[in-house]
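So the chains spell out like this:
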Amino acid sequence: MSLIEVAGLTYTYADGTQALRGVDLEVGEGEFVAFIGQNGSGKTTLSKCLAGLLRPTAGRVVVDGVDTSGKGVTKELARRIGYVFQNPDHQLFNSRVADEIAYGPRNLGLPDEERERVVQEAAGVAGVRAELFDEHPFFLTKGLRQRVAIASTLAMRPKAIIVDEPTTGQDHRQSVEIMEFLVHLWRIEGHTIVIVTHEMPIVAAYAQRVVALCQGRILLDGPTREVFAQSDALRQTFVKPPQATRLAQAWRDLGVAPDVLSVEELHDSVAGVLASRVARAAAEAAASERSPEGHGMSRGTA
Amino acid sequence: MNAVEVRDLTWRYEHTTRPALEGVNLDIVEREFVLVVGPNEAGKTTLVAAIKGIIPHSMSGILKGEVRVFGERVEDMKAPPLARQIGMVFADPESQFTALTVEEEIVFGLENIGWPPAGIERQVRWAAEVTDVADLLDKPPYDISGGQKQRVAIASVIAMEPRILILDEPTSMIDPLGKDQVRDICAELKREREMTIIVVEHNIEAFAPLADKVVVVNDGHVERVGPPAELFAEIEYLAARDLAPPQVTTLFERLRRPGRYVGELPLTDEAGIAAGRRLLEAAR
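Because the structure is a prediction, the values reported are computed rather than measured.

Scoring rules and cut-offs
Residues numbered from 1 in each chain as written. Chains lettered and ligands numbered in written order. Predicted model: local features only at pLDDT ≥ 70, side-chain atom pairs only at ≥ 80, totals over all residues. Helix = DSSP H or I, 4+ residues; strand = E, 2+ residues; numbered from the N terminus. Rg over C-alpha atoms; globule rule 2.2 N^0.38 Å. Buried ≥ 20, exposed ≤ 12 C-beta atoms within 10 Å, placed from the backbone. Contact = placed C-beta atoms within 7 Å. Nonpolar A, V, L, I, M, F, W, Y, C, P; charged D, E, K, R; others polar. Expected span 1.5 Å × (residues − 1). Pairing = 2+ DSSP bridges. Core = buried A, V, L, I, M, F, W, Y, C linked by C-beta atoms within 7 Å. pLDDT = per-residue confidence, 0-100. Axes fitted to C-alpha atoms, helices over the stretch in contact; angles between N-to-C directions. Parallel < 35°, antiparallel > 145°, perpendicular 65-115°, else oblique. Left-handed = near helix turned anticlockwise from the far one by under 90°.

Student: Where do I start with the overall build of chain B in this structure?
Tutor: Within chain B, the regular secondary structure consists of 12 helices and 10 strands. Against the compact-globule benchmark of 19 Å for 284 residues, chain B has a radius of gyration of 20 Å, which places it among compact chains. With the principal axes as the frame, chain B shows a C-alpha extent of 65 × 45 × 35 Å. The buried share of chain B, taken over its 284 residues, is 48%. Look at the contacts in chain B between residues 6 or more apart in sequence, and 66% of them connect residues 24 or more apart.

Printed below as a string of structure tokens:
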């Protein structure tokens, strides 16, 4: 059974904007998925529907057996799926880091001792050191505030975690750090991860599966490599695959693999084509030297 | 002529122990397009704030050395001439909005620096056209998309025709289409060759092709200054500072090392695709 099941989902905002127009989607336990698409494509609305932050206008969203439209399901959902906002300041509101992380477990009514343990564990996984527990989240760096936001989400021990724009405004090193951390949550801690992002090199490097949205519908859904290979369809979403993929596609007719995802893969493919041609030329030269009718490359030793 | 001369500049913000910039020297020639790169907290924004005169005029701290703009010491300049010489756009466009419509927003700066009233309409029309916001003039600036906001912010600054335009991470908060549009506006302004343009950006792939000069800021120092094709060949140096050159440049640098490719490193898709075709076809 899929962890997340979406059927016929539509969502219309109060001002009449139709953000989702019939979405069907299944996400299995243990997947690492990226939602991509232009602003207004519906990717953030979809992710908020998955987390139960928005209730479907029509259709159904079921997370681990819990229908998000059901009555009084907030706590049930919070234990199954967590949402980390693009701007951590949109979700941090306590004046101590420890209280921030403990907020959810306290709401669940966990006994003090267990709550303490859950907070320690979540903070540990998220890399929030105990020395920071008494700090005001406001005075931490953006990267640390994001970790506190993730820790407070982890404290609910959800199976799935949705992270909206994890790398926006971060430099290269910070982006790699946060993405490696999500990979750790995925691979080691066993969480299902959904990221919503505009950064295609990040998608290429980390996501197993890509769901591309366009005007409230799913346009493409499949393994990252396959989705990025469909550059014509992607153009409709105004999404460009990473530069390495774009170059490879332009050299497809010359023997370069058109579905590379990184500059390393592209280099290996190009170098392979160049090397095989050198090898073939050498083999042809050797063959013509040995054959009696050999000419051109022959040095007259036959 | 040098538009900007930074000489032995050291700046320490009040209540901090380490200088944000230390012993910085930098020349920017008039009409150059300069790309400033470096990790977060390296001092990039501090550097452009010192060129714009925000440092030391609106910040507390300790300054050594000096910045000159077209020969004049920024420290000695008053706000109105500074505003006429240098315009600045920030990552978060909303931080600079004050008016109720996009048109008023663009007019605001012009009136502030005493632009002759008869010429204001022409300036607004030109700036709105370059930034493609002409059809938004009646709208409230807070009720448009993030990309549109950033274009309005740029329009309101370029309308004043500053001799130097500084953009501090102009695409970091907006979506890919918006990023492309801001990059295209920069390309258009570069083509017009009127302004000296300084852009601080993490998106090296988009902006390297426009740059005449790249400046690497790291740990409070200007570590490298050079043309992009030269600077982005230093793959190891860049990697140690967590800077990623365009993938196309990295690819050809790697092919060039063992001699598979000979020539200048491409910076754009177009140049890279053409160079790659020549290489692969020759090997046929």
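Student: Whenever I open this one, the overall build of chain A confuses me. Can you help?
Tutor: Scanning chain A for helices and strands turns up 11 helices and 10 strands. Taken against the 2.2 N^0.38 rule, which gives 19 Å for 302 residues, the C-alpha radius of gyration of chain A at 25 Å runs more than 25% over that of a compact globule. Principal-axis analysis of the C-alpha atoms places the extent of chain A at approximately 90 × 45 × 35 Å. Across the 302 residues in chain A, those meeting the buried criterion constitute 42%. Pairs at least 24 residues apart make up 59% of the contacts formed inside chain A by residues separated by at least 6 positions.

Student: For this particular structure, what's the right way to read the interface of chain B and chain A?
Tutor: Accessible area lost when the parts come together is the quantity often used to give the size of an interface. Contacts between chain B and chain A engage 30 residues on the former and 27 residues on the latter. Of all the secondary structure elements, the ones that give two or more residues to the side of chain B that touches chain A are helix H7 (176–192), helix H11 (247–256) and helix H12 (269–282) of chain B. Sorting elements by how many residues they give to the side of chain B that touches chain A places H12(B) first, with seven residues. Per-class residue counts for the side of chain B that touches chain A are 13 nonpolar, eight polar and nine charged.

Student: Just checking my understanding: could you explain helix H4 (residues 112–126) of chain A for this structure?
Tutor: A turn of α-helix holds 3.6 residues, and therefore any two residues three or four places apart point the same way. Residues and elements named next belong to chain A. Here H4 spans 21 Å end to end across 15 residues, near enough to the 21 Å set by a 1.5 Å rise per residue. Looking at the buried side of H4, the elements it contacts are helix H3 (97–107) and helix H5 (142–154). Count one or two residues on from H4 and you reach Gly 127, which has phi positive near 75°.

Student: Explanation requested: the environment of Gly226(B) in the structure shown.
Tutor: Residues and elements named next belong to chain B. Position of Gly 226 relative to the elements: it lies in strand E10 (residues 221–226). For Gly 226 and Val 34, which are 192 residues apart along the polypeptide, the C-alpha to C-alpha distance reads 9.7 Å. Non-local contacts of Gly 226, meaning those with residues more than four positions away in its chain, are made with Lys 213, Val 214 and Leu 231.

Student: Where do I start with the sheet that holds strand E1 (residues 4–12) of chain A in this structure?
Tutor: Picture the strands of a sheet paired through backbone hydrogen bonds; they go either parallel or antiparallel. Ordered in space as E2-E1-E4-E5 (chain A), the four strands form an open sheet in which the pairing is antiparallel. The open sheet has two edge strands, strand E2 (18–27) and strand E5 (66–67) of chain A, and neither has a second partner.

Student: Before we go on, may I ask you to explain the pairing of strand E4 (residues 58–63) of chain A in this structure?
Tutor: Two faces, one strand: in a regular strand the side chains alternate between the faces of the sheet. Residues and elements named next belong to chain A. Bridge count for E1 against E4 is five bridges, and the pairing is antiparallel. The residue bridging Glu 5 from the neighbouring strand is Val 62, located in E4. Two elements, E4 and E5, share two bridges in a ladder whose sense is antiparallel. Note that in E5 the partner of Val 63 across the bridge is Val 66. Two successive antiparallel strands, E4 and E5, enclose a turn made up of two residues, where Asp 64 displays a positive phi of approximately 50°.

Student: What is the right way to look at the environment of Ala149(A) in this model?
Tutor: Residue and element names in this part refer to chain A. Among the secondary structure elements, Ala 149 is positioned in helix H5. For Ala 149, a count of 25 C-beta atoms within 10 Å puts it in the buried group. Sequence spacing of Ala 149 and Gln 243 is 94 residues, and the spatial spacing of their C-alpha atoms is 32 Å. Not counting the four nearest positions on each side in its chain, Ala 149 is found in contact with Val 84, Phe 85, Pro 88, Gln 91 and Leu 92.

Student: Explanation requested: the nonpolar core in the structure shown.
Tutor: Nonpolar side chains tend toward joint burial in soluble globular proteins. Ranked by size, the top nonpolar core spans 164 residues in total, and within it Ile101(A), Ala151(A), Ile162(A), Ala212(A) and Val36(B) carry the most contacts. The element contributing the most residues to this core is helix H6 (residues 146–158) of chain B, with six residues. Aside from chain neighbours lying at most four places away, what touches Ala212(A) is Ile36(A), Gly37(A), Leu219(A), Leu220(A), Val227(A), Leu234(A), Thr237(A) and Val239(A).

Student: Explain the pairing of E2(A) to me, please; I cannot follow it from the model alone.
Tutor: Residues and elements named next belong to chain A. The sheet contact formed by E1 and E2 spans seven bridges and is antiparallel. Residue Glu 5 lies in a different strand from E2, and its bridge partner there is Glu 26. Turn length for the E1-E2 hairpin, with the two strands adjacent in sequence and antiparallel, is five residues, and the turn residue Gly 16 shows positive phi of about 95°.

Student: Can you help me understand the confidence of the model for chain B in this one?
Tutor: In low-pLDDT segments, the atomic positions of the prediction should not be examined closely. In the predicted model, chain B carries a mean pLDDT of 93, and 100% of its residues have values of at least 70. Of the two predicted TM-score estimates for the complex, the pTM is 0.84 and the ipTM is 0.86.

Student: Would you explain the packing of helix H10 (residues 243–250) of chain A against H12(B) in this entry?
Tutor: A pair of packed helices can be characterised by two numbers: the angle between their axes and the separation between those axes. Contact geometry for H10(A) and H12(B): axes closest at 10 Å, N-to-C directions at 40°. By the angle class used here, H10(A) and H12(B) are oblique. The interaxial crossing formed by H10(A) with H12(B) has right-handed handedness. On the side of H10(A), the interface is formed by Gln243(A), Arg246(A), Leu247(A) and Ala250(A), while H12(B) contributes Asp269(B), Gly272(B), Ile273(B) and Gly276(B).

Student: How do you make sense of the confidence of the model for chain A when you look at a structure like this?
Tutor: When pLDDT is averaged along chain A, the result is 90; 96% of the residues meet or exceed 70. A low-confidence stretch, residues 296–302 of chain A stays under pLDDT 50, and its non-local contacts, those more than four residues away or across chains, total nine contacts.

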